[in-house]
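# Structure at a glance
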Amino acid sequence: MGKTHTITLIPGDGIGPEVTDAVVRVLEVVGEATGVQFAWERFAAGAGAFEKHGEYIPKELYASIERNRVALKGPVTTPVGGGFPSINVTLRKKFELYSNFRPIKNLPGLETRYPGVDLIIIRENTEGEYVGLEHEVVPGVVESLKVITEKGSTRIAKFAFEYAAKHGRRKIHAIHKANIMKMSDGLFLRCARDVSKGYPDITYGEHIIDNTCMQLVMNPYQYDTLLLENLYGDIVSDLCAAFVGGLGLVPGANLGAEAAIFEAVHGSAPDIAGKDIANPTALLQSAVLMLHHIGESEAADKLQAAIEKTYTERKTLTRDVGGSAGTRAFADAVIQAVETSRESATIT
Ligand code: ATP
């Protein structure tokens, strides 16, 4: 038997437990097929954790991520307009997961608004408007601080260029609003520009955020890798998810020097929670990224191939992508695809 990986698991809430359960079941079979074992350390976070432990993020959860350095996370609901701070943002800041990596790529067999999209979104994950520094100056006047630092901007730019260089990406566009936010976005751009000088083989460009949204919808193929501040990256990720079939599909990784948390781009989608209709593909593809990260590339490839086979066959797809299967049935189909590939490998 191969290596056992101990991984922190945060099922989350809303559709989180359903999609997480699907991924854990699929990974067990992928593990059996490739000689990899997973030991999960499960933790609640957010409102569910507060009810049980009196803390939104239990100390044991922090300790588990510190120990394992890898977590798989379902979405956790953040109350709108008040209540506790975002669990996602808190974990990203705590572990300095400064890079949010989101590949946007079509799945074979799935007809979408745009075929053949292959975009990488690299979002700064710890700064910008998401530092959560807001206060009421006088009744009726609120200030919200946007923090951009040279250190934060340089390290995310380096991440983007290093990624591009290693993976044969040709072009990086830094996305900004430096015509209005001259100092903050100006600093972000200056850092990206400086870093770009060390990578002469990669074309570097700068586009204003509002124009970028229009350009993306007109012609997403003109872009390759997008480098964005936190808020712009959050919004543009959802926009780009629509190119390839929606939020049910797009994976994500939060990466730092000390830890990595893998989670889908989508949130907890309360409108469809508990109904067995959520698409677990986004978290499954996040698990593919996780398997590569922990050095289990064979398992990653097997899982990706099984997902793609399920889409190519088009027999068992969830509603958001035009099928009628439930979350569990879709996971069963992916499991079946893993098992079929295993049998054919044994026969040959
Ligand atoms: P947040 O701001 O919390 O990240 P979001 O903007 O990503 O949230 P979601 O709550 O994820 O928004 O989802 C928006 C809509 O997209 C949902 O109401 C749901 O209809 C759809 N959706 C999201 N995730 C999925 C999924 N996995 N499967 C099917 N539909 C989904």
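Remember, it's a predicted structure, so these values are computed and weren't measured experimentally. (Residues numbered from 1 in each chain as written. Predicted model: local features only at pLDDT ≥ 70, side-chain atom pairs only at ≥ 80, totals over all residues. Heavy atoms only, no water.)

### A look at the domain arrangement of the protein
For an interface, size is often stated in terms of accessible area lost upon the parts coming together. Examined at the domain level, the protein breaks down into domain 1 (1-97 + 248-348) and domain 2 (113-244). The straight-line distance from the C-alpha centre of domain 1 to that of domain 2 is 26 Å. Taken together, the contacts link ten residues of domain 1 with twelve residues of domain 2. At the boundary of domain 1 with domain 2, total buried surface from both sides reaches about 860 Å², with 53% on carbon and sulfur atoms. Viewed at the interface, domain 2 and domain 1 are joined by one salt bridge. For Arg155, the salt bridge is made with Glu96, and the minimal N-O distance between the two is 2.5 Å. The tally of links from domain 1 across to domain 2 stands at four residue pairs in polar contact (both at pLDDT 80 or more). Elements with a minimum of two residues in the side of domain 1 that touches domain 2: helix H4 (87-94) and strand E11 (253-255). (Domains from an automatic or database assignment. Contact = heavy atoms within 4.5 Å. Buried area = accessible area lost by both parts, 1.4 Å probe. Salt bridge = Lys/Arg side-chain N within 4 Å of Asp/Glu carboxyl O. Polar contact = N/O pair within 3.5 Å; in protein donor to acceptor, adjacent residues only side chain to side chain. Helix = DSSP H or I, 4+ residues; strand = E, 2+ residues; numbered from the N terminus.)

### Thoughts on the site of the ligand
Looking at the ligand, there are 14 residues lining it, with Asp238, Gly267, Ala269, Asp271 and Asn279 nearest. The side chain of His266 places a nitrogen or oxygen atom 3.4 Å from a nitrogen atom of the ligand. Within the contact set of the ligand, an oxygen atom lies 2.4 Å away from a backbone nitrogen or oxygen of Gly267. Here the ligand, which alone exposes 620 Å², has 62% of that area covered by the protein. In terms of residue class, the shell around the ligand is built from six nonpolar, five polar and three charged. (Near = heavy atom within 4 Å. Areas by Shrake-Rupley, 256 points an atom, 1.4 Å probe, with all protein chains shown as cover. Nonpolar A, V, L, I, M, F, W, Y, C, P; charged D, E, K, R; others polar.)

### Observations regarding the nonpolar core
If you look at the biggest cluster of nonpolar residues, it comprises 70 residues, and the most contacted ones within it are Phe101, Ile122, Leu227, Phe262, Leu303 and Tyr311. If you tally residues by element for this core, the top one is helix H1 (residues 16-34), at nine residues. The residues that make up this core include at least three from each of domain 1 (1-97 + 248-348) and domain 2 (113-244). The residues contacting Leu303, other than those within four sequence positions of it, are Val26, Leu27, Val30, Leu284, Ala287, Val288, Leu291 and Val334. Tyr114, Tyr232, Cys240 and Val250 belong to the second-largest nonpolar core, a separate cluster that totals 19 residues. (Core = buried A, V, L, I, M, F, W, Y, C linked by side-chain atoms within 4.5 Å. Buried < 20%, exposed > 50% of the residue type's maximum accessible area, 1.4 Å probe, protein only.)

### Section: the packing of helix H3 (residues 59-68) against H4
Where H3 meets H4, the closest approach of the two axes is 12 Å, and the angle between their N-to-C directions is 45°. Considering the angle they form, H3 stands oblique to H4. The way H3 lies across H4 gives a crossing that is right-handed. Listed contacts from H4 to Tyr62, Ile65 and Glu66 of H3 are Thr90, Leu91 and Lys94. Class assignment for the residues of the contact of H3 with H4 results in three nonpolar, one polar and two charged. (Axes fitted to C-alpha atoms, helices over the stretch in contact; angles between N-to-C directions. Parallel < 35°, antiparallel > 145°, perpendicular 65-115°, else oblique. Left-handed = near helix turned anticlockwise from the far one by under 90°.)

### A look at unusual backbone geometry
At Glu96, a residue that is not glycine, the phi angle is positive and equals roughly 50°. Turning to its location among the elements, Glu96 is positioned in the loop between H4 and strand E4 (99-105). Its relative accessible area of 39% is what places Glu96 among the partly exposed residues.

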